[in-house]
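Understanding the architecture of this molecule
Spelled out, the chains give:
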Amino acid sequence: MGLFDRLGGRPAPEAPGQQISENDMRQEIGRISSNPQGYLQNLGFKIPQGMTDARQITRYLLESGQVGGQRLQQVMRLFHR
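Below, the structure is looked at part by part. (Residues numbered from 1 in each chain as written. Predicted model: local features only at pLDDT ≥ 70, side-chain atom pairs only at ≥ 80, totals over all residues. Heavy atoms only, no water.)

With that settled, consider the overall build of the protein chain. Helices and strands together make up the secondary structure of the protein chain, namely 5 helices and 0 strands. Relative to its 81 residues, the protein chain shows a buried fraction of 28%. Expressed as a percentage of contacts within the protein chain between residues at least 6 apart in sequence, the contacts between residues at least 24 apart total 38%. Element-wise, carbon and sulfur atoms account for 48% of the exposed surface of the protein chain, whose accessible area totals about 5800 Å². (Helix = DSSP H or I, 4+ residues; strand = E, 2+ residues; numbered from the N terminus. Buried < 20%, exposed > 50% of the residue type's maximum accessible area, 1.4 Å probe, protein only. Contact = heavy atoms within 4.5 Å. Areas by Shrake-Rupley, 256 points an atom, 1.4 Å probe, with all protein chains shown as cover.)

Structural data, given as structure tokens:
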């Protein structure tokens, strides 16, 4: 289960209230960093071909309405821990 799945409110297979481990989070961040476009497309987001810059992708997802402000705030809190 991916980081965005957990933030999106999809049910997790583990017990309720169990948090994502630091190791799991590092692995997810590594996957996102190595191929942000592919990672997000696998989750069902529509990203234009050739768009690889994380800031450009983030701006596109916000402007296209695919990601709302609340979800972005959740992700940013995780990255700034």
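On we go.
Within the structure shown, the criterion is met by 2 salt bridges. We note a salt bridge from E22 to R26, for which the minimum N-O separation is 2.3 Å. A residue pair is termed a helical-turn pair when its members lie 3 or 4 positions apart in one helix, as E22 and R26 do in helix α2 (residues 22–34) at 4 residues. Across the pair, exposure class does not vary: E22 and R26 are exposed alike. Of the charged contacts in the structure, one is a salt bridge between E28 and R31, with a shortest N-O distance of 2.4 Å. Taken together, the positions of E28 and R31, both in helix α2 and 3 residues apart, correspond to about one turn of that helix. Overall, E28 belongs to the buried group, its relative accessible area being 7%. Owing to a relative accessible area of 41%, R31 belongs among the partly exposed residues under this scheme. (Salt bridge = Lys/Arg side-chain N within 4 Å of Asp/Glu carboxyl O.)

Glancing now at α2. Between its terminal C-alpha atoms α2 stretches 18 Å, which fits the 18 Å expected from 13 residues at 1.5 Å a residue. Of all the positions in α2, only M25, E28 and I32 are classed as buried. Buried residues of α2, viewed axially, fall in a sector of 65°; they line one side. Across α2 from its buried face, at more than 90 degrees, point the exposed residues R26, S33 and S34. (Expected span 1.5 Å × (residues − 1). Arc of directions from axis to C-beta.)

Turning next to the environment of D53. Mapped onto the fold, D53 is located in the loop between α3 (36–42) and α4 (54–63). What makes D53 partly exposed here is its relative accessible area of 41%. When the C-alpha positions of D53 and Q37 are compared, they lie 8.7 Å apart, and in sequence the two are 16 residues distant. From its side chain, D53 meets the backbone nitrogen of R55 in a polar contact 3.3 Å long. (Polar contact = N/O pair within 3.5 Å; in protein donor to acceptor, adjacent residues only side chain to side chain.)

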